[in-house]
Amino acid sequence: MEKVREIVREGRRVGNEDPRRVVHAFKVGLALAFVSSFYYYQPLYDNFGVNAMWAVMTVVVVFEFSVGATLGKGINRAVATLVAGGLGIGAHHLASLSGPTVEPILLAIFVFIQAALSTFVRFFPRVKARYDYGVLIFILTFALISVSGFREDEILDLAHKRLSTVMMGGVSCVLISIFVCPVWAGQDLHSLLASNFDTLAHFLQEFGDEYFEATEDGDIKEVEKRRRNLERYKSVLNSKSNEEALANFAKWEPRHSVFRFRHPWKQYLAVGALLRQCAYRIDALNSYINSDMQIPMDVKKKLEEPLRRMSSESGKSMKEMSISLKKMTNSYTSDIHVVNSQSACKTLSTLLKSGILNDVEPLQMISLMTTVSLLIDIVNLTEKISESVHELASAAKFKNKMKSSSKSDAGSTTSAVPIKSYEGDSDDHHHVVTILGDVVTSNNEGQSHGESSVDSCHHVAIEINDDDSIHDKHEEDSNIHVQTSRVSCGHTNASDLLNSGDIKKIII
């Protein structure tokens, strides 16, 4: 009885994790019950005979959890059966022309050549990724048709019945999978990527409190619970195989919801790869939180402000990207947090150059500098991830996030933050300013009074040219020549802006 209870508990746990699994089980049962009627119903059995069992076998091996996986397997099986059946009939006819003595030898040679070549082709990466099951069925069907044809007089009738029953089983699977509570692999991949963003964002936003708060000050159980919560990022480390499988299945799926037929699934994999790189840095960072050799709190406090900002702003940027993915909008709000985290990096660099850590012991310095280095890596990776998400949004034709026109212009202000100065020739000086857009206060529901929301940011590069010839040229003309254009937030390097031509240039 104890084992029965354990099985029941396990069943409930599996069902609660994903209720779609229960629905999938009923769908498979429905498909099997339907194709079994070919065998039970006498008129159908008279037409197909024992070949009706091929429909049952097709349902068992083809029906998968998602629509893409089922459709991919169904198409692979149908095409492989059709091609192998035709080639098998051709091989049998060719061998039969040589007489009864040579016929079995030729059939054996044909089976050997086909099986050897097909098995070798299965090692090709592209074939293995999408068509491995089809090649396997091709080998099986060709061998069965060729061998059966040697003892069977009506080989065309045999091939026709097997192909028909396989098609019926495959079509039943595909139709039930699509029209009865469908599970889309593309939607699962989209949701998985957004969930991974949330997971990493949670760690980065909580890192400051965990790293700079003494463990002994709080409840031990509460601290352990928080640490277990932080370690949810480990699921991202092992997400590669799942993401690749979902992307492969998604390519087979027809257009559904907002996902087009040729949706940029490869770009999802590119973003996922960058997220895993970030997760590996976070894993290393987490090891310093739980390290036996802890840095004294007074040493940590010296760099607390910039380190907190770096992790917090990176986490906020990840959170904004997650929201952008979930809403399928192309929002540049995350770029503002990327700029803020880079600004914190510069503050940290200034602190380190000031010699604030001169009195720190070498071992403590190594540990602290490793933490700093990992956080800088995470900031840089966050910028790359943000760029990759913008590429995904552009390729997938996400909607651009527009500011509501109902907001009053009177309630908006503009903030500017300098990012980088450009050191050119000795005669030229360039200055770059990032305009972080309109900051609008709102009292709307779900947004506290005075909370600001930034909808866009623009970079403006100003070039001051002290060339005497220009001064002479415009000595009598007090006009200032201005060329303006809006620049995307992706530029954070002044030299890139000045070279791009899409800048505001003021020549004095």
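Along each chain, numbering runs from 1 in the same order as the chain's sequence is written. Given that this is a predicted model, residues contribute local features only at a pLDDT of at least 70 and side-chain atom pairs are listed and counted only at 80 or more, while totals for whole chains, interfaces and linings are drawn from all residues. Think of the side-chain values as coming from all heavy atoms in the structure, minus any hydrogens and water.

Student: I'd like a rundown of the packing of aromatic side chains, residues and numbers included.
Tutor: Between the rings of Phe, Tyr and Trp (Trp by its six-membered ring), a pair exists once the centres lie within 6.5 Å; its type follows the angle of the planes, with under 30 degrees stacked, over 60 edge-to-face, and the other angles tilted. The full count for this structure, using the stated rule, is 9 aromatic pairs. Taking the centre distance of 5.5 Å and the plane angle of 70 degrees together, the rings of F203 and Y233 count as edge-to-face. Of this pair, F203 sits in helix α10 (residues 185-212) while Y233 is found in the loop between α11 (220-230) and α12 (234-237), placing the two residues 30 residues apart along the sequence. Both residues of the pair, F203 and Y233, count as buried. Three or more aromatic residues link up through ring pairs in this structure, and these residues are F203, F207, Y211, F212 and Y233. In this arrangement the basic side chain of K73 is found over the ring face of Y133, its NZ or CZ atom lying 4.9 Å from the centre. The ring of W252 is capped by R130, whose NZ or CZ atom sits 4.4 Å from the centre of that ring. The helix count covers DSSP runs of H or I at least four residues long, the strand count covers runs of E at least two residues long, and both are numbered beginning at the N terminus. Categorising residues by exposure relies on relative accessible area from a 1.4 Å probe, with only protein chains included: less than 20% of the type maximum marks a residue as buried, more than 50% marks it as exposed, and the intermediate range marks it as partly exposed. Lysine NZ or arginine CZ positioned within 6 Å of the ring centre and within 35 degrees of the ring normal marks a charge as sitting over the ring.

Student: Break down the environment of H263 for me, citing the residues and quoting the values.
Tutor: Secondary-structure assignment places H263 in the loop between α13 (240-250) and α14 (265-289). Its relative accessible area of 5% is what places H263 among the buried residues. Note: C-alpha distance between H263 and A250 (13 residues apart in sequence) is 8.8 Å. When residues no more than four places from it in sequence are discounted, the contact partners of H263 are Y268, M328 and A396. A polar atom in the side chain of H263 sits 3.2 Å from the side chain of Y268. The contact criterion used is simple: two residues touch if any of their non-hydrogen atoms lie within 4.5 Å. Within 3.5 Å is the distance limit for a polar contact, defined as a pair of N or O atoms, with the added protein rule that one can donate a hydrogen and the other accept it, and that residues adjacent in sequence qualify only through two side-chain atoms.

Student: Can you lay out the confidence of the model for the protein for me, pointing to particular residues and giving the numbers?
Tutor: Each residue gets a pLDDT score, which is the predictor's confidence in that residue and runs from 0 to 100. Chain-level pLDDT for the protein is 77 on average; 75% of the residues reach the 70-or-more range. Note on residues 403-508: pLDDT under 50 across the span, and 162 contacts to partners over four residues away in sequence or across chains.

Student: Lay out the packing of helix α2 (residues 20-40) against helix α4 (residues 53-62) with the relevant residues and their values.
Tutor: Interhelical geometry of α2 versus α4 gives an angle of 165 degrees and a closest axis separation of 8 Å. Classified by the angle between their axes, α2 and α4 sit roughly antiparallel to one another. Relative to α4, α2 is oriented so that their crossing is left-handed. Together, A31, L32, V35, S36, F38 and Y39 of α2 and M53, A55, V56, V59 and V60 of α4 make up the contact between the two elements. Throughout, the ten residues Ala, Val, Leu, Ile, Met, Phe, Trp, Tyr, Cys and Pro are labelled nonpolar, Asp, Glu, Lys and Arg are labelled charged, and all others, Gly among them, are labelled polar. Partitioning the contact of α2 with α4 into residue classes produces 10 nonpolar, 1 polar and no charged. Between the N-to-C directions of two axes lies an angle of 0 to 180 degrees, each axis being a line fitted to C-alpha atoms and, for a helix, fitted only over the stretch in contact. Roughly parallel here means an angle under 35 degrees, roughly antiparallel means over 145, roughly perpendicular means 65 to 115, and every remaining angle is called oblique. A crossing counts as left-handed when the near helix is turned anticlockwise from the far one by less than a right angle, and as right-handed when that turn is clockwise.

Student: I'd like a rundown of the side chain of S172, residues and numbers included.
Tutor: Looking at the secondary structure, you find S172 in helix α9 (residues 155-179). At a separation of 2.7 Å, a polar atom in the side chain of S172 contacts the main-chain carbonyl oxygen of M168.

Student: Explain the pattern of salt bridges residue by residue, including any values.
Tutor: For this analysis, a salt bridge means a side-chain nitrogen from Lys or Arg found within 4 Å of a carboxyl oxygen belonging to Asp or Glu. Enumeration according to the criterion identifies 19 salt bridges in this entry. One salt bridge connects R13 with E10, and the closest N-O pair in it is separated by 2.5 Å. Placement of both R13 and E10 in helix α1 (residues 2-17) is noted, with a separation of 3 residues, approximately one turn of the helix. Judged by relative accessible area, which is 38%, R13 ranks as partly exposed. The shortest N-O distance in the salt bridge between K301 and E304 comes to 3.2 Å. Overall, K301 belongs to the partly exposed group, its relative accessible area being 41%. On the basis of relative accessible area, E304 is assigned to the buried category, the value being 15%.

Student: Residues and numbers for the nonpolar core, please.
Tutor: Note on soluble globular proteins: their nonpolar side chains tend to be buried together. If you look at the biggest cluster of nonpolar residues, it comprises 58 residues, and the most contacted ones within it are F197, L200, F203, M318 and I385. Secondary-structure elements contributing two or more residues to this core are α10, α12, α13, α14, α16 (304-327), α17 (333-353) and α18 (362-395). When residues of this core are assigned to their parent elements, the largest contribution, 13 residues, is made by α10. If we skip the residues at most four places from it in the chain, M318 touches F197, L200, A201, L204, L275, C278, T382 and I385. Among the buried residues, those of types Ala, Val, Leu, Ile, Met, Phe, Trp, Tyr and Cys that are joined through side-chain atoms within 4.5 Å form a nonpolar core. A31, F63, A84 and F142 belong to the second largest nonpolar core, which has 19 residues in total.

Student: Can you explain unusual backbone geometry? Please cite residues and give values.
Tutor: For C181, which is not a glycine, the phi torsion comes out positive at approximately 45 degrees. Its location among the elements puts C181 in the loop between α9 and α10. Take C181: its relative accessible area is 49%, and that puts it in the partly exposed class. Despite not being glycine, K397 has its phi angle at roughly 60 degrees, a positive value.

Student: Hey, could you go over α10 for me, with residue numbers and the actual values?
Tutor: In this analysis, the expected span of each helix is defined as 1.5 Å times one less than the number of residues it contains. With 28 residues, α10 should reach 40 Å at 1.5 Å per residue; the first-to-last C-alpha distance of 41 Å fits that figure. The seven residues ending at a residue and the seven starting there each receive a fitted axis; the angle between those axes is the bend at that residue. The axis of α10 is deflected most strongly, by about 40 degrees, at E206. Taken across its 28 residues, α10 has 21 buried, putting it largely inside the fold.

Student: Explain the UniProt feature "transmembrane region" (unreviewed entry) in the protein residue by residue, including any values.
Tutor: UniProt positions are given in the numbering used here, feature names are shortened, and annotations may be inferred rather than shown by experiment. When the UniProt feature table is mapped onto this chain numbering, "transmembrane region" (unreviewed entry) sits at residues 21-40, 52-71, 105-124, 131-151 and 163-185. Secondary structure within residues 21-40 divides into 100% helix and 0% strand; the distance between the first and last C-alpha atoms comes to 28 Å. Within the segment residues 105-124, helix and strand shares are 85% and 0% respectively, and the terminal C-alpha atoms sit 30 Å apart.

Student: Which residues make up the environment of G72, and what values do they have?
Tutor: Structurally, G72 is set in helix α5 (residues 67-96). As a C-alpha pair, G72 and E253 span 181 residues in sequence and 8.2 Å in three-dimensional space.

Student: Tell me about the packing of α14 against α18, and please be specific about residues and values.
Tutor: Axis separation between α14 and α18 bottoms out at 9 Å; the angle between their running directions is 165 degrees. Between α14 and α18, the angle is such that the two are roughly antiparallel. For the pair α14 and α18, the crossing hand works out as left-handed. In terms of residue class, the contact of α14 with α18 is made up of 17 nonpolar, 6 polar and 4 charged.

Student: An account of a nonpolar patch on the surface is needed here, citing residue identities and associated values.
Tutor: Residues I75, V79, L82, V83, L87 and M167 make up a contiguous nonpolar surface patch of about 480 Å² in total accessible area. Considering each element in turn, the nonpolar patch owes the most residues, 5 residues, to α5. Overall, the relative accessible area of 48% leaves L82 in the partly exposed class. Put simply, a patch holds well-exposed residues, over 30% relative accessible area, that have no salt bridge, with like charges counted together within 9 Å and Val, Leu, Ile, Met, Phe, Trp or Tyr side chains within 5 Å. Note on areas: Shrake-Rupley, 1.4 Å probe, and residue coverage restricted to the protein chains presented here.

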